[in-house]
Amino acid sequence: MPARNCLGVPERLVQTACSLLFCVLISSLTTATDAADGVHFRIMLMEPADQPWFVRIGGYIHNDPWYLKNAVLPADADTDVAKRVAPGQFSPWFDLLTHSGGKLHPRQERAGGLAELPNITLKFDSSAAKVKHRVVIELATAADPATVVKLLEETFEGDSTSFLASPNLKQDADSLETAGEMTDRRLAWAREASGGKRIAPEKLWVQTQFWSPQRAELNEREAEVLWLLGFNVVGNTTPEMLTKFPFTQPSGHHCVEFGPGLSRLNCDQQIDLALKSAKGADRPTPFGFSDEVACRPPIGTDESALKNFRQWLKQRNIAPDELGVASLDEVQPIESPAALAKRQSENKEAANRTFTWTTRFRHESANERIKWLTESFHRGAPPNVLTSTLVADHPYFGGSGLGMGMATENSTWGGFPLSLDWFGMARDRVVDVIGIEDWLGLEYMYGPAFTWEGFQLIGFQAAMMRSGSRGLIPIISWITPSDEKNLRLKSASALCQGAKHFFYWTYGPTATSTENYWSDLRGAYDGVVHMTRQLAGAEHIIEPGQPRKTRVALLYSLSSDLWQPFGYLHMAERRLTYLSLIHDQYLVDMLTEHDVESGRLAEYDVLYVTDPCVSAATCNAVRAWVTEGGLLFGSGAPATFNEFGLPHDGLADVFGLKPGPDIKVQEGRFDVRGGLNEMPWFDEVQPLDGPAFGAMGLRVAFEATDAKNIGAFKDGTPAIFEHHYGNGHARLIATCPGVSYAKDARFSPKALAEKWPLTQREFINRQAKLSGAPPLAKLSHPVVEVGIFDSPQGTALILANFSYDPITMLEIEVPLRQAPTKVTSIETQELTFTTVKASESQIAAGYSVVVKFAVSLGWNDIVTFE
């Protein structure tokens, strides 16, 4: 897939649409015949009428190589004056289909909308940039006036215009527009969606950008589109845009380097170039370091990187013999599954340890150098400029997780790319604002294969960053083209999980873009207006606010992502366990092995463990926490391998089981949206205290020591275990109830239509309920995601309706520190409410009252308490 580089735009194409004597030429349309379906056009330039002319032809397409080759019409007229065309006469016919070399594509599905056809650019030879042009363009299926299918005409100032073309001229004739017609249509949409009135947040970023600028008057009208929709940060603006619409301008796309061989001096020197493009502002504004960052380049044979790696090993007092060498100066990194397999054949344990330490070094060194870059940048940056970088979601969900993938090449990036440690980035605040992205296309862009379990996965990414930073790092969520429903659900899920800023990637316009544009997707206009107005109405609370704390934790083991002993399965089970809890309005903090070993478990009442690879030190910390009274839930084969991918006792004693169980893994695609639908059930589980449900993914033959068997597989083999350990309690199911939850939801590959079942959700969430950990709010309906921001100015409740059905009366109870005087739905109106005294546990948590009210919920809403 092509890279997206916001500085890599072509030279400025000042494009437009033309007009002329329509009545003189309309007869050619009425005499069109069924000629061969070619694609030809010719041009008549009526004004200026004082000199012969020629035109330079280019074009944008929406497939590789993204641009059409350049040409001159008439051929060679740029160098041969005799070949130029007299005003008021038609040029020769231009065979566009042949010229494109087969690249003239039909309408695409990358963003939806009207303008996903090739856009042909015309730049007329003119010595006066602002001279008036009057142009007629005929599009025909053959080089014959009798086959004209579409006539386009426009009058404009400047020397450039463009028009849409199609290999199916007859079929698409009604969609073919000039640049001016496209801009007029978009502006009409913006005025309709906004009611002609701009409502925008002042401090929270709502960002987008232009791709390639057009001519001045079109640029100004396109800027009005974004102004009315409520954007306040816009990239690639032109002077005429900013004169009338004072957008904040972001800086960057510097594409920084942060490889393991770089020194701090290298980072200081590198940032000098970036500083030259940084633009100061009267309000905080982002400077983008890089797009879709990952751990690259590898260590390889780079001497500086090798030296840094070996020094890092020495600082951690790692014994050489553990890595199969006499001295740490002899250690060679292992950076791919193929290299690992080769070294394992010589010494498996040493190879596994070397692979683990190599990955940890690459994670830590990358984050350290990104932080160095931020520190270097701030020493010379203008006021109010904040560093940011974007992590890539599609390789993550495509198989790498926070490792590199083990069984097969990454489905979206190819090869075995090593992701950065996102939690470490957030924890160490390596940039000022962390960027997450959404390639959850469903119906647009790369479609269902990139959508996995749905739009709550953008919230899952935000939750990772929120968890890693304890809610302190600002998060900006990049949302790709989406119609109104999808845009609002994506945005609301990210906001629920702590992302306060949004980048709607990217406006375009479509006709002057290559991919990821939404300018011609009508529903996006309504979606953006809803979001900007919700954010504007609640930003006095959200902007200074902090996400409310939770007592529910989910272990996120980077070791599991690295080793993937069951392939993709553990990633799916982890996410689906998260979704089950979210669907009952619990906020979930994800804790890494680093977090657990640092003592963070003391802040939580319940811990969910779905990961198969968990370090020995983390298991020790979990053991001590359960002894003190913590409640533990495990699914699948939790903690049966250590951080080096080797079997260990893990948490077997805490679960009351013998270590070393027999594990059977189900074959199937757990990484494809709807892939579970046709997979057979692996088995069935019958709990003693609830209804039966299907087993998926794993069937683990655990043998109890002193655990109680509270459920069985079909053949009577124990499947669910309960064990009291110290003052705490542990429960384990020997399969993957999260994956079962998704199978019964019945995903539709191309639509939001899944219906999450009650049975598995109640089973998974039972341990959280037993722990007494409170959900963020009590709702009358499940599968509505919630988020809460508390600030001195009040509280904001975010609602995102993933049931996909409008809820006429959603009853809600929210604990607050003090009784409000006003409760307001941003989408509807001020609400009637009542208050009751908080419970003893709520009072112990710092709340004095519970507010009760009801609201009608469509896709999403923000309710404020003041």
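What counts and what doesn't
- Chains are numbered independently. Their residues run from 1 in the order of the written sequence.
- Per-residue local features of the predicted model are confined to residues with pLDDT of at least 70, and side-chain atom pairs are confined, for both listing and counting, to 80 or more; whole-chain, interface and lining totals are unaffected and use all residues.
- Remark: hydrogens and water are excluded; side-chain values derive from all non-hydrogen atoms of the structure.
- Here a helix means four or more residues in a row that DSSP labels H or I, a strand means two or more in a row labelled E, and each is numbered from the N terminus.
- Atoms counted for the radius of gyration: C-alpha only. Globule rule: 2.2 Å times the number of residues to the power 0.38.
- Accessibility here uses a 1.4 Å probe with only protein chains present; expressed as a share of the type maximum, an area under 20% marks a residue as buried, one over 50% as exposed, and anything in between as partly exposed.
- By definition in these notes, contact holds between two residues if any of their heavy atoms fall within 4.5 Å.
- Each accessible area value is a Shrake-Rupley result obtained with a 1.4 Å probe; residue values ignore everything except the protein chains displayed when judging cover.
- Counted as positive: Lys and Arg. Counted as negative: Asp and Glu. His and the chain ends are not counted at all.
- Here the site of a charge means atom NZ of a Lys, CZ of an Arg, CG of an Asp or CD of a Glu.
- A pocket, in this scheme, is an open set of points on a 1 Å grid over the protein atoms alone with protein on both sides within 12 Å along at least 5 of 7 lines, while a cavity is a set where a 1.4 Å probe fits but cannot get out; residues line either one if an atom lies within 4 Å of a point.
- Grid points are joined across faces, edges and corners, and a volume is the space filled by probe spheres set on the points.
- Just so you know the grouping, Ala, Val, Leu, Ile, Met, Phe, Trp, Tyr, Cys and Pro go in nonpolar, Asp, Glu, Lys and Arg go in charged, and all remaining residues, Gly too, go in polar.
- In this scheme, a helix's expected span is set at 1.5 Å multiplied by one less than its residue total.
- Arc definition: directions from the helix axis to the C-beta atoms.
- Any N or O atom pair separated by 3.5 Å or less is treated as a polar contact, with the protein-specific requirement of one donor-capable and one acceptor-capable atom, and with residues adjacent in sequence counted only for side-chain atom pairs.
- A residue's bend is given by the angle between axes fitted to the 7 residues ending at it and the 7 residues starting at it.
- Only Phe, Tyr and Trp rings are paired, with Trp represented by its six-membered ring, and only when their centres lie within 6.5 Å; those with planes under 30 degrees apart are stacked, over 60 edge-to-face, the remainder tilted.
- Placement of a positive charge over a ring is assigned whenever Lys NZ or Arg CZ falls within 6 Å of the ring centre and within 35 degrees of the normal to the ring plane.
- If DSSP finds at least two bridges between two strands, the strands pair.
- Inter-axis angles, ranging from 0 to 180 degrees, are taken between N-to-C directions of lines fitted to C-alpha atoms, where helices are fitted over the stretch in contact.
- Reported orientations rely on four angle classes, namely roughly parallel under 35 degrees, roughly antiparallel over 145, roughly perpendicular from 65 to 115, and oblique for the rest.
- Any Lys or Arg side-chain nitrogen found within 4 Å of a carboxyl oxygen on Asp or Glu counts as a salt bridge.

Trainee: Go over the overall build of the protein with me, naming the residues and quoting the values.
Mentor: A tally of helices and strands in the protein yields 24 helices and 37 strands. Scaling as 2.2 N^0.38, a compact globule of 866 residues should have a C-alpha radius of gyration of about 29 Å, and the protein matches this with 30 Å. Its C-alpha atoms give the protein principal-axis dimensions of about 95 × 70 × 60 Å. Sorting the 866 residues of the protein into buried and exposed places 62% on the buried side. The long-range share in the protein, meaning contacts at least 24 apart out of those at least 6 apart in sequence, stands at 75%. Approximately 30700 Å² of the protein is accessible, and the part contributed by carbon and sulfur atoms is 51%. Distance between charge centroids for the protein: 2 Å, based on 80 positive and 103 negative side chains.

Trainee: If you had to explain empty space enclosed by the protein to someone new, which residues and values would you point to?
Mentor: Scanning the model with the defined rule gives 7 cavities of 30 Å³ or more in all. Roughly 110 Å³ of volume is contained in the largest cavity. Considering the residues around the largest cavity, the lining is formed by 14 residues, among which Glu453, Phe670, Val672, Leu676 and Ala742 are closest to the centre. Among the elements of the structure, helix H18 (569-583) and helix H22 (737-745) are those that each provide at least two residues to the lining of the largest cavity. A breakdown of the residues in the lining of the largest cavity according to their chemical character gives 9 nonpolar, 1 polar and 4 charged. Counted as a void, the second largest cavity has a volume near 70 Å³. Along the wall of the second largest cavity there are 15 residues; nearest its centre are Pro638, Thr640, Asp649, Ala652 and Phe702. Among the residues making up the lining of the second largest cavity, the classes are represented as 10 nonpolar, 3 polar and 2 charged.

Trainee: Break down the environment of Ile541 for me, citing the residues and quoting the values.
Mentor: Residue position: Ile541 is located in helix H16 (residues 522-542). Excluding its chain neighbours within four sequence positions, the residues that come into contact with Ile541 are Phe789, Ser791, Gln793, Gly794, Thr795, Ala796, Thr864, Phe865 and Glu866.

Trainee: Mind laying out helix H9 (residues 303-315), listing which residues take part and the relevant values?
Mentor: A rise of 1.5 Å per residue sets the reference length of H9, with its 13 residues, at 18 Å; its end C-alpha atoms lie 18 Å apart and thus fit the reference within 8%. Of the positions making up H9, those classed as buried are Ala305, Leu306, Phe309, Arg310, Trp312 and Leu313. When H9 is viewed along its axis, its buried side chains cluster within an angular range of 155° and face the same direction. More than 90 degrees from the buried face of H9, the exposed residues found are Glu303, Lys307 and Gln315. Put simply, Asp302 is the residue that caps the front of H9, since its side-chain oxygen is 3.2 Å from the backbone nitrogen of Ser304.

Trainee: Help me get a handle on H16, residues and values and all.
Mentor: The terminal C-alpha atoms of H16, which comprises 21 residues, lie 28 Å apart, in line with the 30 Å expected from a rise of 1.5 Å per residue. Its axis deflected by about 40° at Ala536, H16 carries its strongest bend there.

Trainee: Any chance you could break down the packing of aromatic side chains for me, citing the residues and the numbers?
Mentor: Taken as a whole, this structure holds 41 aromatic pairs when the rule is applied. A centroid spacing of 6.3 Å and a plane angle of 40° characterise the contact between Trp439 and Phe450, whose relative ring orientation is tilted. Of this pair, Trp439 sits in the loop between strand S14 (433-438) and helix H14 (456-469) while Phe450 sits in the loop between S14 and H14, placing them 11 residues apart in sequence. In this structure, Trp439 and Phe450 share a single accessibility class: buried. When the ring of Phe802 is compared with that of Tyr804, the centres are 6.3 Å apart and the planes differ by 70°; the resulting orientation is edge-to-face. Residue Phe802 shares its accessibility class with Tyr804, and that shared class is buried. Aromatic ring contacts, followed pair by pair, group Trp189, Phe210, Phe231, Phe502, Tyr504, Tyr507, Trp518 and Tyr525 into a single cluster. Lying over the aromatic face of Phe644, Arg353 brings its terminal NZ or CZ to 4.2 Å of the ring centre. One residue, Lys490, lies across the ring of Phe455, its end atom 4.8 Å from the ring centre.

Trainee: I'd like a description of the pairing of strand S30 (residues 784-791), backed by residues and values.
Mentor: Counting buried positions along S30 gives 7 out of 8 residues, so the element sits mostly inside the fold. Alignment of strand S17 (residues 546-547) against S30, held across 2 bridges, turns out to be antiparallel. Its bridge partner being in S30, Gln546 is matched across the sheet by Asp790. Pairing of S30 with strand S31 (residues 794-801) involves 8 bridges; the strand directions are antiparallel.

Trainee: Help me get a handle on the layout of surface pockets, residues and values and all.
Mentor: Counted as a void, the largest pocket has a volume near 830 Å³. As for the largest pocket, its lining consists of 31 residues, and the residues nearest its centre are Arg548, Lys549, Thr550, Pro774 and Tyr847. Breaking the lining of the largest pocket down by element, the ones donating at least two residues are H14, S17, strand S32 (807-816) and helix H24 (840-844). In the lining of the largest pocket, the residues fall into 12 nonpolar, 7 polar and 12 charged. Its boundaries defined by the atoms lining it, the second largest pocket holds a volume of some 720 Å³. In terms of lining, the second largest pocket is formed by 33 residues, of which the most central are Trp312, Arg360, His363, Glu364 and Asp421. Of all the elements in the fold, those that place two or more residues in the lining of the second largest pocket are H9, helix H11 (348-380), helix H13 (422-427), helix H17 (558-563) and helix H19 (593-597). With 10 residues, the top contributor of residues to the lining of the second largest pocket is H11.

Trainee: How would you summarise unusual backbone geometry if you had to cite specific residues and measurements?
Mentor: The linkage connecting Glu47 with the following residue, Pro48, adopts the cis geometry, with an omega of 0°. Positionally, Pro48 belongs in the loop between strand S1 (40-47) and strand S2 (55-60). Cis geometry is found at the peptide bond from Arg296 to Pro297, where omega equals 5°. Its place among the elements puts Pro297 in the loop between strand S12 (285-288) and H9. The backbone phi angle of Asn317 is positive, close to 55°, even though this residue is not glycine. By secondary structure assignment, the location of Asn317 is in the loop between H9 and helix H10 (337-344). One non-glycine residue, Arg470, adopts positive backbone phi at about 55°.

Trainee: Give me the lowdown on the side chain of Ser194, citing residues and values where you can.
Mentor: As for its placement among the helices and strands, Ser194 is situated in helix H5 (residues 179-194). Beyond its immediate stretch of four places on either side in the chain, Ser194 contacts Leu228, Val529 and Arg533.

Trainee: Kindly report on the packing of H18 against H22, identifying the contributing residues and their values.
Mentor: Interaxial distance between H18 and H22 falls to 7 Å at its minimum, and their mutual angle equals 75°. With respect to H22, the element H18 is oriented roughly perpendicular. Together, Leu569, Ala572, Glu573, Leu576, Thr577, Ser580 and His583 of H18 and Pro737, Gly738, Val739, Tyr741 and Ala742 of H22 make up the contact between the two elements. Here the contact of H18 with H22 is composed, by residue class, of 7 nonpolar, 4 polar and 1 charged.

Trainee: How would you sum up the sheet that holds strand S34 (residues 830-831)? Please name residues and give values.
Mentor: Ordered by their spatial adjacency, 6 strands build an open sheet running S17-S30-S31-S37-S33-S34, and the pairing between neighbours is antiparallel. The open sheet has two edge strands, S17 and S34, and neither has a second partner. Pairing between strand S33 (residues 823-825) and S34: 2 bridges, direction antiparallel. The residue of S34 that forms the bridge with Thr824 is Glu830. H16 rests against S30, S31 and strand S37 (860-865) of the sheet, and its axis sits at about 25° to S37.

Trainee: How would you sum up the pattern of salt bridges? Please name residues and give values.
Mentor: For the coordinates displayed, the defined rule picks out 51 salt bridges. One salt bridge in this structure joins Glu192 and Arg522, with 2.9 Å as the shortest N-O distance. Of this pair, Glu192 sits in helix H5 while Arg522 sits in helix H16, placing them 330 residues apart in sequence. For Arg522, a relative accessible area of 22% translates into the label partly exposed. Residues Lys244 and Glu220 are paired through a salt bridge, measuring 3.6 Å at the closest nitrogen-oxygen approach. Here Glu220 lies in helix H6 (residues 216-229) and Lys244 lies in helix H7 (residues 239-244), a separation of 24 residues in the sequence. Several salt bridges converge on common partners, so that one network encompasses Glu154, Asp184, Arg215, Glu217 and Arg221.

These results come straight from atomic positions and should not be treated as a statement about function.
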